Amino acid sequence: MTSRVAAPDPFDVVAKALKCQKDTLSIESAMYRDHGWDSFGHVNVITAIEEVLKVSIGNDEMLKLRTMTAIRDFFDRHIQTGE
Amino acid sequence: MAEVDSVRVHAVILTRDRPEVLERSVDTAVMKMTPCDVLTVLDDSSLGVVEENAAVLATVAHKSPAMVTHLIPARLYEEIADVTVESAPAWQSRTAPRDIAPLRNLALLLSTAVRARTTVLIDDDICGFDLEMTHKHLKQLTRGSQGVIVGVEIGGQSEMDTLTRLRDALRRVKLRQVTDETPLDELFSITVGQDGVGDVDYGVVSAGYMAFNIHPTQVFAFPPGYNEDWLWCLMHNISGRVRVVRSEQLVQHAPPRVRRSTYNDVLFEIAGDLVWDCLTEYLSGDKRPPIAALCALACHTPSREVLPTARVGELLEVVRKSTLTARLHSYLNACGLRAVEAVMRSGELATNERMILTEWCKDAIAKHKSFSGLPANETVQRVIAKMTVEGRK
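None of the values given here were measured: they were computed from a predicted structure.

Draft legend 1. Focus on empty space enclosed by the protein. With the rule as written, the count across this model stands at four cavities of 30 Å³ or more. If you add up the space inside the largest cavity, you get close to 90 Å³. Residue lining of the largest cavity: A:Phe40, B:Asp161, B:Leu163, B:Ile270, B:Asp273, B:Leu274, B:Asp277, B:Val306, B:Pro308 and B:Arg311, and that is the complete set. Secondary structure elements with two or more residues in the lining of the largest cavity: helix H8 (263–282) and helix H10 (308–321) of chain B. Counting residues per element, the lining of the largest cavity draws most heavily on H8(B), which supplies four residues.

Here it is as structure tokens:
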């Protein structure tokens, strides 16, 4: 029997990092557009993603992960490939 | 008014007491300039440095195909005040020594007096830019009467506020991206690569290097305080009259030294960040005119999590949980951590933070009202055009 662990939800991770309600975020959410998601909030978002996915995110990648869409795709890639 | 239609690119370099980087910036600018272009150096330096800069600019002017002009803001402020109704115009006053908004507004007035197809604002510590590429880019994006602001990706030393820079440095330490051999100034550097996504309607860009083409009647004054450039973009963007685009062009932020943030620096930045957060939260989807939006914002109560004490407390908690070597701790202290701790200890934030937004809104409205008639004021335009010619090297 295999145990199934629920994949982390990027919306949960971002909401926790920004200390906001999950339902205030949408796939359209983005840095500088949403409440609390400024440069300081963004470092918190990146740190939270690194902790949940156990990855190290470089500067270049950090700058690309500025939208909820990019973050969701990043989660999908890492969960599928197990990178 | 100056002969406007013949000017292709008007590059305005803002400098203050950094002759070592100004020369680099001016050399980079003239490399891609033509006889149809104008280079203006707005020099806010102390007297000795102004003389040093004048000598550099005289040399550059000899080899430059473009007209090179050296202007002293204090003289411009005085001349403009002399021909306007206010004897001490509100838009000319700084909220703090680091408040660059009056200088940027002077650059805006220059852009309306020397009307070029592309105006580029450049901070003296920015290098690796290409004015030709920037001009072509802006031209491609210009559509009818809609104004355009184009920014770039800025690598090199981080331009962010002290709290963000420290927070990111601590993240790198935690990920063991920093060793005892790492040159400490690299802790605050940003490596930016081409992400291949093309232009992005990003809403905000840095005025460290920014090109624009906005009709004088649509120009909004740079708001006071920290984050003046992002707030300026936001003010233009909310009404939908001006498009704000971040292009893929890369430039480098290379100041002579890494910023050692002081107590006042931290307070100045924290106030600007709070205003930014409230504005993005409050104005999300707002289409009312900027002044009406600011009037309404003055009564807004900021959410608890964006209040400065929460942010500072969060950072200090990360510091407490981090394992820092003595060398690293001492470096972070020098770069602003000590100042952040002092701000928190002083209690000054807790006392004032709920007033920051209201006071800022009142100040921003007063300064915009003081400034708004000038871009279309022919007497002011003539004064600036005359001084531009007089400042020619």
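Draft legend 2. Highlighting the pairing of strand S8 (residues 209–213) of chain B. Residues and elements named next belong to chain B. Where burial is concerned, most of S8 is hidden: four out of the five residues are buried. Judged from the four bridges that link them, strand S4 (residues 118–123) and S8 form a sheet pairing that is antiparallel. Across the sheet, residue Leu 121 finds its bridge partner in S8, namely Met 210.

Draft legend 3. Structural view of the packing of aromatic side chains. All names here are of chain B. Applying the stated criterion to the full structure yields eight aromatic pairs over all chains. Taken together, a centroid distance of 5.7 Å and an interplanar angle of 70° make the contact between Phe 212 and Trp 232 edge-to-face. One end of the pair, Phe 212, is in strand S8; the other, Trp 232, is in helix H7 (residues 228–238), with 20 residues separating them in the sequence. For Phe 212, a relative accessible area of 2% translates into the label buried. Connected via pairs of aromatic rings, a cluster forms that spans Tyr 77, Trp 91 and Phe 371.

Draft legend 4. Broad picture of the interface of chain B and chain A. Of the residues lining the interface, 33 residues belong to chain B; the matching set on chain A comes to 25 residues. Surface buried jointly by chain B and chain A totals about 2600 Å² across both partners, of which 49% is contributed by carbon and sulfur atoms. In this assembly, chain B and chain A are joined by five salt bridges. Notably, a salt bridge pairs B:Glu314 with A:Lys19, separated by 3.2 Å at the nearest N-O pair.

Draft legend 5. Representation of the layout of surface pockets within the structure. The computed volume of the second largest pocket comes to approximately 760 Å³. As for the second largest pocket, its lining consists of 29 residues, of which A:Thr47, A:Glu51, B:Arg167, B:Lys174 and B:Val318 are closest to the centre. At the level of secondary structure, the elements contributing two or more residues to the lining of the second largest pocket comprise helix H1 (10–18) and helix H2 (39–53) of chain A together with helix H6 (162–174), H10 and helix H11 (326–346) of chain B.

Draft legend 6. View of H11(B). Residue and element names in this part refer to chain B. Here H11 contains 21 residues, and its C-alpha end-to-end distance of 25 Å is more than 12% below the 30 Å for a straight helix at 1.5 Å per residue. Along H11, the residues classified as buried are Leu 328, Tyr 331, Leu 332, Asn 333, Cys 335, Gly 336, Leu 337, Ala 339, Val 340 and Val 343. Buried residues belonging to H11 abut H6, H8, H10 and helix H12 (348–372). Just past H11, the residue Gly 347 takes up positive phi, approximately 80°.

Draft legend 7. How the structure looks around the pairing of strand S2 (residues 38–43) of chain B. Residue and element names in this part refer to chain B. S2 sits mainly inside the fold: six of its six residues count as buried. Here S2 shows a buried face lined by Val 38, Thr 40 and Leu 42 and a second buried face lined by Leu 39, Val 41 and Asp 43. Inspection of the sheet shows strand S1 (residues 9–15) paired to S2 by six bridges, in the parallel sense. Within the sheet, the bridge partner assigned to Val 12 lies in S2 and is Thr 40. In terms of handedness, the path from S1 via helix H1 (residues 19–31) over to S2 forms a crossover that is right-handed. Pairing geometry for S2 and strand S3 (residues 67–71), over five bridges, is parallel. Along S3, the bridge assignment pairs Val 38 with Met 67. Handedness of the S2-helix H2 (residues 47–63)-S3 crossover: right-handed.

Draft legend 8. The environment of B:Asn213, seen in detail. Residue and element names in this part refer to chain B. Looking at the element boundaries, Asn 213 is found in strand S8. Taking relative accessible area as the criterion, Asn 213 reaches 25% and is therefore assigned partly exposed. With near-sequence residues (within four places) excluded, Asn 213 lies in contact with Arg 117, Leu 138, Thr 142, Gly 147 and Val 148. A polar side-chain atom of Asn 213 sits 3.2 Å from the main-chain carbonyl oxygen of Arg 117.

Cut-offs used in this document
Residues numbered from 1 in each chain as written. Chains lettered and ligands numbered in written order. Predicted model: local features only at pLDDT ≥ 70, side-chain atom pairs only at ≥ 80, totals over all residues. Heavy atoms only, no water. 1 Å grid on protein atoms, 1.4 Å probe; cavity = no way out; pocket = protein on both sides within 12 Å on 5 of 7 lines; lining within 4 Å. Points joined across faces, edges and corners; volume = space filled by probe spheres on them. Helix = DSSP H or I, 4+ residues; strand = E, 2+ residues; numbered from the N terminus. Buried < 20%, exposed > 50% of the residue type's maximum accessible area, 1.4 Å probe, protein only. Pairing = 2+ DSSP bridges. Phe/Tyr/Trp six-rings, centres within 6.5 Å; stacked < 30°, edge-to-face > 60°. Contact = heavy atoms within 4.5 Å. Buried area = accessible area lost by both parts, 1.4 Å probe. Salt bridge = Lys/Arg side-chain N within 4 Å of Asp/Glu carboxyl O. Expected span 1.5 Å × (residues − 1). Right-handed = clockwise from strand over helix to strand, strands pointing away. Polar contact = N/O pair within 3.5 Å; in protein donor to acceptor, adjacent residues only side chain to side chain.

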